[in-house]
Amino acid sequence: MSGNINFILNKELISADLNPATVLLDFIRNKKLTGTKEGCKEGDCGACTVLTGEINSDRDEVIYSAVNSCLIPVQNVNGKHVVTIEGLNLPGKELNPIQQEFVNEGASQCGFCTPGFIVSLTGYFLNKGILNSGNVIDSLDGNICRCTGHNSIIRAAKKISDKFDFAVHSNGTRYKFLSENKIIPEYFLNIKDRLSKLNTFDIKVSSDSGKKSFVSGGTDLFVQRPDEMLNSEIIFLCNDSTLKGIFLNKDVCTIGSLSTVTEILESGIMNDLYPGIINFAGLFGSTPIRNSATLGGNINNASPIGDMTALFLALDSNVILSDSENKRTIPLKNYYRSYKTTERKPDEYMECLNIKLPEGNYYINFEKVSKRTYLDIASVNTAILIFMEKDVIKEIHLSAGGVAPVPLYLAETCEFLKDKKISRENINKALEITQSEISPISDARGSSDYKRMLLNGLIKTHFIKLFPEYFSEGVEL
Ligand SMILES: Cc1cc2nc3c(=O)[nH]c(=O)nc-3n(C[C@H](O)[C@H](O)[C@H](O)COP(=O)(O)OP(=O)(O)OC[C@H]3O[C@@H](n4cnc5c(N)ncnc54)[C@H](O)[C@@H]3O)c2cc1C
Ligand code: FES
Ligand code: FES
């Protein structure tokens, strides 16, 4: 399987007949751009971080994202600008200000992780509307250093961030300002023009080809079986623009299956509908994983601990499936049949999720416990959407992950709590029902008893966080 793939790698136009499942990291290193390192090849260490940039027509500029090149098939960078550490070097031997700050602070020892950190920091400067020391540290959440203990890196990152005030340099003038200050080389200023002339196609998915395996972001498939992907008959969804975007239509919010976790959590529409949803970002993977991982991938890998799945179960969403000709709608709460099996037929793909717009007085929350606080999948997760009328629960949707073979919608618990008041007694009765709805197993993420206890604690946390006024301090719920 091969196809013509066009993209710009640093300054160079790449137009090649490639197997679309070639891992970008392998392609880059074979081009002798060896600054991008291969560490874990599982999305965990960030040594392979590169930037991908694509034209955003709403903002009329190129938007860059830091991604793990070890998990991206080259098909997914078709039509984009790919920037490696070599593409950030200034002419001659002059260090750019980020590289210089790393030297000043002793933030590089063996140097294996350093290109990844510099690329992630450049992504931060290219992206963040407001720069501050909290944001800058968050932008490094996908990078690990085995030598320095991170303190010198954090110092370097904060210092370089504090040196510049980009708040005033919004769209249009921002890249010019970054280039004048040598954070990015001058050639970046022509990239929008060059990308707009690239020969790429909007390929609509057609499932009549007999190829029945779909790839979106690749963050699951390329961890699990990259070599197998090279020889598989697969359909890359990334070139179908009809699967992208988040939009409102009458009383429905539609989220395209190719929307990334970053796009969902940073979306203006989602943040207007569900204030605070942006705060869940820190609980999902890392910045580069969130920049690649899609909603379609999270829902359809059918993991019992998918975080987006838990969130959208509680948002009472509907899955829209298509086989290119016919569409059908299935409530997400009825989508999962058994472990890793959904109602989707092999020739169907998920087009989007639809959510009925919430009305009235409502609140959401998402909770997750994992072995590590960051960059880890859940032992148990849960989300809640609750509609209140005065002090009575008019409607409630609760999800739970990691406590059954499938992501669970806690139907009986929700039914019990409907039309009840928020009180210790009612919540404790509801939790007894929850315990009868779940069937966790003991595994590497914890014993069955531990997971039962965790879910109890997390559901109580929903109520305590959302309605602190009902629970006096120091008294156990
Ligand atoms: C380091 C790391 C950290 C992670 N952290 C988290 C985390 O914190 N929380 C979490 O939930 N997950 C996490 N993940 C898992 C993964 O990133 C997510 O599940 C992600 O949403 C998968 O999306 P994708 O687009 O990359 O999927 P892909 O790898 O492209 O696909 C995954 C599966 O879904 C199918 N598929 C994809 N799109 C469609 C579609 N539109 N229709 C039908 N089938 C489709 C594919 O065939 C495949 O079986 C992590 C992964 C890594 C590597
Ligand atoms: S090599 Fe470790 S994240 Fe890619
Ligand atoms: S400097 Fe050696 S891994 Fe970071």
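Just so you know, the residues in each chain are numbered from 1, in the order the chain's sequence is written. Each chain takes a letter, starting from A, and each ligand takes a number, starting from 1, following the order in which they are written. Under the rules for a predicted model, residues below a pLDDT of 70 receive no local features and side-chain atom pairs below 80 are neither given nor counted, while totals for whole chains, interfaces and linings still include all residues. Note that the side-chain values use all heavy atoms of the structure and ignore hydrogens as well as water.

## Some points on the pairing of strand 17 (residues 392–401)
Relative accessibility thresholds used throughout: buried, under 20% of the residue-type maximum; exposed, over 50%; partly exposed, between the two (1.4 Å probe, protein chains only). Secondary structure is summarised from DSSP: a helix means a run of H or I of at least four residues, a strand means a run of E of at least two, and numbering begins at the N terminus for each. Most of strand 17 sits out of view: 7 of its 10 residues are buried. Two strands qualify as a pair provided that DSSP identifies no fewer than 2 bridges between them. Looking at chain direction, strand 16 (residues 378–389) and strand 17 are connected through 9 bridges and run antiparallel. Across the sheet, Ile386 pairs through a bridge with Ile396, a residue of strand 17. Once strand 16 ends, the chain turns through 2 residues before running back antiparallel as strand 17, passing Lys390 with a positive phi of about 50°. Direction of pairing for strand 17 relative to strand 18 (residues 408–409): antiparallel, over a ladder of 2 bridges.

## Examining the sheet that holds strand 15 (residues 361–370)
Pairing is antiparallel in the open sheet, where 4 strands are placed in the order 15-16-17-18. The open sheet has two edge strands with one neighbour each: strand 15 and strand 18. In terms of strand pairing, strand 15 meets strand 16 through 10 bridges, oriented antiparallel. Following the sheet pairing, Glu367 is matched in strand 16 by Thr382.

## Structural notes on the site of ligand 1
In the neighbourhood of ligand 1, 35 residues make up the surrounding shell, with Phe214, Gly217, Thr219, Thr294 and Asp307 lying closest. Contacts to ligand 1 include Thr294, whose side-chain N or O atom sits 2.6 Å from an oxygen atom. Notes on ligand 1: free accessible area 980 Å², of which the protein chains cover 93%. Looking at the shell around ligand 1, the elements that each hand over two or more residues are strand 6 (213–215), helix 8 (221–224), helix 13 (295–300) and strand 14 (349–356). If one sorts the elements of the shell around ligand 1 by residue count, helix 13 sits on top with 4 residues. Charged residues are taken to be Asp, Glu, Lys and Arg, nonpolar residues to be Ala, Val, Leu, Ile, Met, Phe, Trp, Tyr, Cys and Pro, and polar residues to be all remaining types, Gly included. Residues of the shell around ligand 1, tallied by class, amount to 14 nonpolar, 14 polar and 7 charged. For this description, a residue counts as near a given molecule or strand if any of its non-hydrogen atoms is within 4 Å of it. Within 3.5 Å is the distance limit for a polar contact, defined as a pair of N or O atoms, with the added protein rule that one can donate a hydrogen and the other accept it, and that residues adjacent in sequence qualify only through two side-chain atoms. In these tables, accessible area is a Shrake-Rupley quantity obtained with a 1.4 Å probe, and a residue counts as shielded only by the protein chains included in the view.

## With respect to the sheet that holds strand 11 (residues 327–331)
The antiparallel open sheet is built from 5 strands, whose spatial order is 8-9-14-10-11. Among the strands making up the open sheet, the edge pair consists of strand 8 (246–249) and strand 11. With direction set aside, neighbouring strand axes in the sheet form an average angle of 25°. Here 5 bridges tie strand 10 (residues 318–322) to strand 11, and the two strands are oriented antiparallel to one another. When the bridges of strand 11 are listed, Val319 appears paired with Ile330. Fitting a line to C-alpha atoms yields each axis, with helices limited to the stretch in contact; the angle taken between N-to-C directions then spans 0 to 180 degrees.

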